[in-house]
Amino acid sequence: MSLDDIKETFFAECADQMADLETGLHEIQSDGPDMDTVNAVFRAVHSIKGGAGAFGYAALVSFAHVFENALDVIRNDLSQVNEERMDLLLRSVDVLSDVIEAERTGTEPTDTTALARELEAAFGLTAEGEEEEDALEDFAPVTIDLEAFDLDASDAAETPSGRTYRISFAPHASLYLKGHDPLRFFRELSEMGTLGVSCDLDSLPKLTELSPDESYLKWQVDMETERDRDEIAAVFDWVDGECDLTIEEIGGGSPDGGGEELDDFLANLGDDPELADIGSEETPSGGEAASAGAAPVAGPDSPPSTAPVASGGATGDNGKDRSGEAVRRPEKEKKEVKKPSQTIRVESEKVDRLINLMGELVINQAMLAERIGQAGFGNASPAALALVELQNLTREIQSGVMAIRAQPVKPVFMRMSRIVREVCSATGKKALLELEGEHTEVDTTVIEGLIDPLTHMIRNAVDHGIEDPETRVALGKPPQGTVKLSAYHSSGRIVIEIKDDGAGINRERVLNKAIEKGIVGRDAKLTDDEIDNLIFAPGFSTAEAITDVSGRGVGMDVVRQSIQSLGGRVSISSEPGKGSLFSMSLPLTLAVLDGMIVKEAGQTLVLPVSAVLETATLKPGDVYTIGKNHRVVKMRNTLIPIIDVGRQLGFAEQRTDFTKGTIMVVEGGKSGMGAFIVDSIEGQQQVVIKSLETNYKRVPSIAAATILGNGQIALILDCDHIVSHNSGEPEAELIQSMAG
Amino acid sequence: MSKKVLTVDDSRTMREMLRHTLSSAGFEVVTAEDGADGIKKLEESQPDVVITDINMPVMDGFEFIENVRKNAEYNRVPILVLTTESAPEKKQRAQNAGATGWIVKPFDPEKLTRAVNRVMP
């Protein structure tokens, strides 16, 4: 993995951490703080800071540091949480996410100074300057100063110049407990100069009195080196408090170390078999002990239960007993540890490939079914029964493969809370976003397409729906409004609802505006529901004045269009004074589609079931002709233009008898409804969506293609486009060649 | 045979950084995602040196070190603590738990390698 790959990993991980962070803070906000959540939130920021430091993202480190300190205040005392502080923390999440994005794209990071100051003030942190100094002070002693042992060390050892130090080193028993080994200190010192080492065995008791848990050896090291005292002391940095150590300069001259050279000494410690035969003089030195991997040495200050004991033969009975306990305890603790579910990260391309193949399989199985039918096997024939098995398996594989790409809508929902905060601060309104069903899963392709329409609707809900705090209080509502965003599965689709407790739709104003803009006639009689739905009409905007927040040239018509392009529908219901409810129904995936299979002039076409409102057959009197070629049908209390699909797409002659076909009333985006007339409806089935754009090129009126069981390509109609481009004239000749 | 280092860190980024740095320095690297995973990997991989983070879910670094030190077979393995925690009491707590040494994040690859070599048996 290259450094760039690791950077990518870092930003991917940041996204995860941000989601955890936001979720955690929301939990704290709604359920009050608990230690686990606070710890998780702290860890998220902490990890981001750690990684950012590794890549030298200074702006990110510095803001994450302040953020982390603020969270630390809560971590140390849960009662420190209050509304103002939570608000600040949530704002900090937004800013942190901006800073991460800036670092990722290499753009100028947002100025975080103001917010950092606010955090410091609100959480009683020291001013930034002091804080950093403190941090540096804290950091200094734990930094390992390895500069002292740079690569010239060996040269230095060969040409010592002048200074001689005498180092007395008496390890406490606890030193060995921390995984240290005196050998390694000498090894390191030997790289800095010339050593003379002598071991003081005076405290060594008789073998019968020797306790393997004690430390009896002391060393005196005379060292000739160029280095200064601090550099030598740095070697013993990690054993501060675990040994008695003195380092004194004893002037020039050759080292006086009792004659034993380090190498000899080490050799003796490690390998000399005679050493083990010394009997009463046997040395339970850390050096030997650790290299043998099995020396029990307990510090006098360690409680017996935590004393590590060896499994080797050097252990006494006493030790064995404790060994048993020591082994059992971690095992017991392991059981208590909750194991998080194992996950793997896979490139989305690999999953896409699998989904494509799965599509091929579905098609292939449909082909096989057709062939078996053609071959004249009965339904109870072994071949047909085997096919049923295959169909069951295929269905299971299909849902399994789809489940891989299914993701909870949570990340998108979490983004919405930021939108609510932003709109609130821009408009001076107060609103809280409540989430429900955020773990509901849907295909990633759908999730991506959801972001824009959702953002717009949430923004509208606060900007147009929620009243300002004073008005709300006057109306007897709480000053803070609520926007509830929920998701749930319903008959193979996902339903997403946005509900606010605001003013609801001002129908009078909507109707007047629609009349003013010529969307409806002056004397139109519309139901409340129809008036509410006018806000989806193209070019409609209810905002009296264009505010900072909405009025960006995007209306609800665009929202509806983008939801429709996902194969979804959106509807609104509203109660004046009580609020509005936007409801979206979307497919779970864009890889397969519930299709209505129809026949027209010998061609098979597919319409998305979601677009079809109703089907009907016509009686002679139902059809009215307007102008030369425009025919309409009166249905649903309105006149719907009849669209002769075969003629429109250019592969059939103009239909003369409208009673012979089947009418399908289709919801078609901006232009409202269209009554598609086709020869017959063949049935409804799931079809695999194949992009026409990728495999051929974009064709107007055609959304995509699919492959039917007989191997034929069938086109999936773009109902929206067909309805809005219904001119009574055929589309380009191109379609004829496509469908032919 | 190359020496083996077990790294315990909940951050994927940090694990990759450590793996990158240590394997370039010629060490064999085993990674674990938290203290509990670390204990499991310790027995499986029998490392020469362990590097652990402090702030981790499931089992944090302090607990992890304590558990390693309680384990009769691996209680002598040197454990380096790699952390951004700067508070001296945290350092003291890690030392009391049985940590061998400290490295402060962000780490410099060369310094990290030297630190590992410094405690390598």
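Nothing here was measured: the structure is a model prediction, and the numbers come from that model. (Residues numbered from 1 in each chain as written. Chains lettered and ligands numbered in written order. Predicted model: local features only at pLDDT ≥ 70, side-chain atom pairs only at ≥ 80, totals over all residues. Heavy atoms only, no water.)

Turning our attention to unusual backbone geometry. When glycine is set aside, most residues are seen to have a negative phi, and most peptide bonds are trans. The backbone of A:Ser701 sits at a positive phi, close to 75°, despite the residue not being glycine. Turning to its location among the elements, A:Ser701 is positioned in the loop between α24 (692-695) and β21 (702-707). Of note, the phi angle at B:Val58 is positive, near 65°, even though the residue is not glycine. Relative to the assigned elements, B:Val58 resides in the loop between β3 (49-52) and α3 (61-70). The class for B:Val58 is partly exposed, based on a relative accessible area of 39%. (Helix = DSSP H or I, 4+ residues; strand = E, 2+ residues; numbered from the N terminus. Buried < 20%, exposed > 50% of the residue type's maximum accessible area, 1.4 Å probe, protein only.)

Let us now look at a nonpolar patch on the surface. Together, A:Leu361, A:Leu393 and A:Ile397 make up an exposed nonpolar region whose accessible area comes to about 250 Å². Following the sequence through the fold, A:Ile397 ends up in helix α16 (residues 382-405). (Patch = residues over 30% accessible without salt bridge, like charges linked within 9 Å, V, L, I, M, F, W, Y side chains within 5 Å. Areas by Shrake-Rupley, 256 points an atom, 1.4 Å probe, with all protein chains shown as cover. Salt bridge = Lys/Arg side-chain N within 4 Å of Asp/Glu carboxyl O.)

What follows is about helix α18 (residues 444-465) of chain A. Residues and elements named next belong to chain A. In this model, α18 (22 residues) spans 30 Å end to end at C-alpha, consistent with the 32 Å of a helix rising 1.5 Å per residue. The sharpest bend along α18 reaches about 35° and sits at Ile451, with the proline Pro453 one to four residues further on. Most of α18 sits out of view: 16 of its 22 residues are buried. (Expected span 1.5 Å × (residues − 1). Bend = angle between axes of the 7 residues up to and from the residue.)

Here we come to the UniProt feature "modified residue: 4-aspartylphosphate" (unreviewed entry) in chain B. Residues and elements named next belong to chain B. Using the residue numbers shown here, the UniProt feature "modified residue: 4-aspartylphosphate" (unreviewed entry) corresponds to Asp53. Take Asp53: its relative accessible area is 2%, and that puts it in the buried class. Setting aside its immediate chain neighbours within four residues, Asp53 contacts Val8, Asp9, Asp10, Gly61, Leu82, Thr83 and Lys105. (UniProt positions renumbered as here; feature names shortened; annotations may be inferred. Contact = heavy atoms within 4.5 Å.)

A separate point is the sheet that holds strand β10 (residues 569-575) of chain A. All names here are of chain A. Pairing within the open sheet is mixed, and its five strands lie in the order β6-β8-β9-β11-β10. The open sheet has two edge strands, β6 (431-436) and β10, and neither has a second partner. Neighbouring strand axes in the sheet, compared pairwise and without regard to direction, differ in orientation by 15° on average. (Pairing = 2+ DSSP bridges. Axes fitted to C-alpha atoms, helices over the stretch in contact; angles between N-to-C directions.)

In this section: the environment of A:Leu175. All names here are of chain A. Tracing the sequence through the fold places Leu175 in helix α8 (residues 173-177). Looking at Leu175, the relative accessible area reads 0%, which means it is buried. In sequence terms Leu175 and Gly241 are 66 residues apart; their C-alpha atoms lie 8.7 Å from each other. Sequence-distant contacts of Leu175, defined by excluding residues within four places in its chain, comprise Phe169, His180, Val239, Glu242 and Cys243.

The next thing to look at is the nonpolar core. One finds A:Leu21, A:Leu25, A:Leu89 and A:Leu96 to be the most contacted residues of the largest nonpolar core, which totals 82 residues. With nine residues, helix α3 (residues 58-76) of chain A is the single largest residue contributor to this core. (Core = buried A, V, L, I, M, F, W, Y, C linked by side-chain atoms within 4.5 Å.)

Residues and elements named next belong to chain A. Under the definition given, this model contains 13 aromatic pairs over all chains. Ring centres of Phe169 and Phe185 lie 5.5 Å apart, and the angle between their planes is 70°; this geometry places the pair in the edge-to-face category. One end of the pair, Phe169, is in strand β1 (residues 164-171); the other, Phe185, is in helix α9 (residues 182-190), and 16 residues separate them in sequence. Neither Phe169 nor Phe185 differs from the other in exposure class; each is buried. Pairwise contacts between aromatic rings join Phe169, Phe185, Phe186, Trp219 and Phe236 into one cluster. Over the aromatic face of Phe42 sits the side chain of Arg75, whose NZ or CZ is 3.6 Å from the ring centroid. Above the face of the Phe123 ring, Arg85 is positioned so that its terminal group lies 4.8 Å from the ring centre. (Phe/Tyr/Trp six-rings, centres within 6.5 Å; stacked < 30°, edge-to-face > 60°. Lys NZ or Arg CZ within 6 Å of the ring centre and 35° of its normal.)

Now for the UniProt feature "modified residue: Phosphohistidine" (unreviewed entry) in chain A. When the UniProt feature table is mapped onto this chain numbering, "modified residue: Phosphohistidine" (unreviewed entry) sits at A:His46. Along the chain, A:His46 turns up in helix α2 (residues 35-55).

Side chains of A:Glu27, A:Asp31, A:Asp34 and A:Asp36 sit close together on the surface and give a patch of like negative charge. Considering the arrangement of structural elements, one finds A:Glu27 in helix α1 (residues 3-31). (Lys, Arg positive; Asp, Glu negative; His and termini not counted. Charge placed at Lys NZ, Arg CZ, Asp CG, Glu CD.)

This next bit is on the pattern of salt bridges. Residues and elements named next belong to chain A. Summed over the entire model, instances satisfying the criterion amount to 29 salt bridges over all chains. Glu101 is the partner of Arg104 in a salt bridge, and the nearest nitrogen-oxygen pair spans 2.8 Å. You can see Arg104 and its partner Glu101 sitting in helix α4 (residues 83-105), three residues apart, about one turn around the helix. According to the relative accessible area criterion, Arg104 is partly exposed, its value standing at 47%. In this structure Glu101 comes out as partly exposed when scored by relative accessible area, which is 37%. Its salt-bridge partner being Arg418, residue Glu422 comes within 3.1 Å of it at the nearest N-O pair. With Glu422 and Arg418 both in helix α17 (residues 410-427) and four residues apart, the pair spans about one turn of that helix.

Okay, the sheet that holds strand β18 (residues 662-667) of chain A next. Residues and elements named next belong to chain A. The six strands lie next to each other as β14-β18-β19-β17-β16-β15, forming an open sheet whose pairing is mixed. Unpaired on one side and paired on the other, β14 (612-616) and β15 (623-626) mark the two borders of the sheet. If you compare each strand with its neighbour and ignore which way they point, the axes differ by 35° on average. Where β14 lies against β18, four bridges are found, and the strand directions are antiparallel. Looking across to β18, one finds that Val612 is bridged to Val666.

Our focus in this paragraph is the pairing of β3(B). All names here are of chain B. Burial of β3 is two-sided: the residues Val49 and Ile51 facing one way and the residues Val50 and Thr52 facing the other way are all buried. Strand direction decides the pairing type here: strand β1 (residues 4-8) and β3, joined by four bridges, are parallel. Bridge pairing links Leu6 to Val50 in β3. Judged from the three bridges that link them, β3 and strand β4 (residues 79-83) form a sheet pairing that is parallel. In the sheet register, Ile51 faces β4, and the bridge partner there is Leu80.

Here we come to the packing of α3(A) against helix α5 (residues 113-122) of chain A. All names here are of chain A. Put simply, α3 and α5 touch, their axes get as near as 9 Å, and they point 20° apart. When the axes of α3 and α5 are compared, the pair comes out roughly parallel. Every pair of crossing elements has a handedness; the one defined by α3 and α5 is left-handed. Side by side, α3 and α5 meet where Phe63, Val66, Phe67 and Ala70 of the first sit next to Leu115, Ala116, Leu119 and Glu120 of the second. Partitioning the contact of α3 with α5 into residue classes produces seven nonpolar, no polar and one charged. (Parallel < 35°, antiparallel > 145°, perpendicular 65-115°, else oblique. Left-handed = near helix turned anticlockwise from the far one by under 90°. Nonpolar A, V, L, I, M, F, W, Y, C, P; charged D, E, K, R; others polar.)

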